[in-house]
Amino acid sequence: MKFFIDTADVNEIREATALGLIDGVTTNPSLVAKTGRKYLDVVREICELVDGPISAEVLATDYDGMLREALAWHEVHANVVVKLPLTLDGLKVTRQCANKGIATNVTLCFSANQALLAAKAGATYISPFVGRLDDVSEEGMDLIAKIVAVYRNYDFDTQVLVASVRHPVHVLQSALLGADVCTIPFKVIEQLVKHPLTDAGLAKFVEDSKKIPR
Ligand code: G3P
C-alpha cells in the first residue's frame, strides 16, 4: 500500500520524507488555506520535496472553470495530479482529463456508486472520505470494502486512495482491505510508530545494558 501524506505543510512533508515512508502528497483548499500561502507556491515547493504524485485541487466548481484549472495544474509539474470534486461537472472534467492523459484524483467520495462513476470517467484515483463518514455514525471502512470489491469485479484501473484518515486503525484496515493508497495526516504517521510495549522494552534494554561490563 502506498503512503501519501495529507498536508500542505512543507515542514511536515520534510519530516515525513526523512522517514522514507512517503510515496506522494495530497492537498485540498482547506489544508492550503491553513498555510497562508498561495496554492501555486505551495504545490511547486511540494513537487521539489517529494518525487511522487502531488494532488492539487481545482477551486472552481463549474465545468469550464475546473477544466481551465485542470489544464493549468497539468502544466505546473509532471507529478501534479488534478483533484476534482465528485459532481457531474467534476466527472465530465475527469473524462476530459483522462482523454488528454492528465492524472486525476476524484475527491469527496461518500458512496460506492459515486466511486463507480469516477472509475467509469477514467479517474486515476478515487478519494473516499472515511473519517467524515465515521463522524456521522456510518462505517467509513465499509465503503472502502465495497469500492475495492466493485473495482475488482470490473478490473478498473482507478486506484482506491483512502482519505479523511483519523487514526492508525484506518491505516491498518485500509491495508487489510487492499486499498492502493492511504493518505495520512502527519500526526497519524507519528502514531503509527508508537507502541507502549516498544517504549517499555527499549527502556528495559537501556537499563540492563548499564549492567554489561565495559
Ligand atoms: O484528503 C482529504 C482529507 O484532507 C480530508 O480530511 O479530516 O478534513 O475529513 P478531513
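Procedures and definitions
Residues numbered from 1 in each chain as written. Predicted model: local features only at pLDDT ≥ 70, side-chain atom pairs only at ≥ 80, totals over all residues. Heavy atoms only, no water. Helix = DSSP H or I, 4+ residues; strand = E, 2+ residues; numbered from the N terminus. Contact = heavy atoms within 4.5 Å. Areas by Shrake-Rupley, 256 points an atom, 1.4 Å probe, with all protein chains shown as cover. Lys, Arg positive; Asp, Glu negative; His and termini not counted. Charge placed at Lys NZ, Arg CZ, Asp CG, Glu CD. Axes fitted to C-alpha atoms, helices over the stretch in contact; angles between N-to-C directions. Left-handed = near helix turned anticlockwise from the far one by under 90°. Nonpolar A, V, L, I, M, F, W, Y, C, P; charged D, E, K, R; others polar. Near = heavy atom within 4 Å. Salt bridge = Lys/Arg side-chain N within 4 Å of Asp/Glu carboxyl O. Buried < 20%, exposed > 50% of the residue type's maximum accessible area, 1.4 Å probe, protein only. Arc of directions from axis to C-beta. Phe/Tyr/Trp six-rings, centres within 6.5 Å; stacked < 30°, edge-to-face > 60°. Lys NZ or Arg CZ within 6 Å of the ring centre and 35° of its normal.

Trainee: Explain the overall build of the chain to me, please; I cannot follow it from the model alone.
Mentor: Check the secondary structure of the chain and you find eleven helices and eight strands. If one aligns the C-alpha atoms of the chain with their principal axes, the spans along those axes are about 75 × 40 × 30 Å. Within the chain, counting contacts between residues at least 6 apart in sequence, those at least 24 apart form 56% of the total. Counting every atom, the chain has about 11100 Å² of accessible surface; 55% of that belongs to carbon and sulfur. Put simply, the chain has 22 plus and 27 minus side-chain charges, and the middle of one group is 2 Å from the middle of the other.

Trainee: What is the right way to read the packing of helix H6 (residues 112–120) against helix H8 (residues 140–154) from this model?
Mentor: Each pair of packed helices can be summarised by the angle the axes make with each other and by the distance between the axes. Two numbers describe how H6 lies on H8: the axes approach to 9 Å, and their chain directions differ by 35 degrees. H8 is crossed by H6, and the crossing has right-handed handedness. The segment H6 lies against H8, with Ala112, Ala115, Leu116 and Ala119 engaging Leu143, Lys146, Ile147, Val150 and Tyr151. Residues of the contact of H6 with H8, tallied by class, amount to eight nonpolar, no polar and one charged.

Trainee: Would you mind going over the site of the ligand with me for this structure?
Mentor: Taken together, Asp6, Asn28, Leu31, Lys83, Phe129, Arg132, Ala163, Ser164 and Arg166 form the complete shell of residues around the ligand. Residue classes in the shell around the ligand are distributed as three nonpolar, two polar and four charged.

Trainee: Explain the pattern of salt bridges here, please?
Mentor: Note on pairing: side chains with opposite charge can pair once their charged atoms come close. For the structure shown, the criterion picks out eight salt bridges. Across the salt bridge formed by lysine 92 and aspartate 89, the nearest N and O atoms sit 3.4 Å from each other. Of this pair, lysine 92 and aspartate 89 both sit in helix H5 (residues 88–100), three residues apart, which is roughly one turn of the helix. Note on lysine 92: relative accessible area 46%, which makes it partly exposed. On the basis of relative accessible area, aspartate 89 is assigned to the partly exposed category, the value being 23%.

Trainee: Looking at this model, I keep getting lost on helix H3 (residues 39–49). Mind explaining?
Mentor: Each α-helix turn comprises 3.6 residues. Residues three or four places apart therefore point the same way. Within H3, the full set of buried residues consists of Tyr39, Val42, Val43, Ile46 and Cys47. One face of H3 carries all of its buried residues, which in axial projection span an arc of 135 degrees. Residues of H3 that are buried in the fold lie against helix H1 (10–18), strand S2 (24–26), helix H2 (29–35), strand S3 (54–57), helix H4 (63–76) and strand S4 (80–85).

Trainee: Looking at this structure, I do not really get the packing of aromatic side chains. What am I missing?
Mentor: Working definition: an aromatic ring pair is given by the centre-to-centre distance plus the angle between the planes. Taken as a whole, this structure holds five aromatic pairs when the rule is applied. Plain terms: the ring middles of phenylalanine 4 and tyrosine 125 are 5.9 Å apart, the flat faces sit at 70 degrees to each other, and that makes the pair edge-to-face. Of this pair, phenylalanine 4 sits in strand S1 (residues 2–6) while tyrosine 125 sits in strand S6 (residues 125–128); the two residues are 121 residues apart in sequence, bridging distant segments of the chain. Judged by relative accessible area, which is 0%, phenylalanine 4 ranks as buried. The class for tyrosine 125 is buried, based on a relative accessible area of 6%. With centroids separated by 6.1 Å and ring planes inclined at 45 degrees, the aromatic side chains of tyrosine 154 and phenylalanine 156 adopt a geometry described as tilted. Through successive ring pairs, a cluster of aromatic residues spans Tyr151, Tyr154 and Phe156. The ring of tyrosine 63 carries the charged tip of lysine 92 above its face, separated from the ring centre by 5.7 Å.

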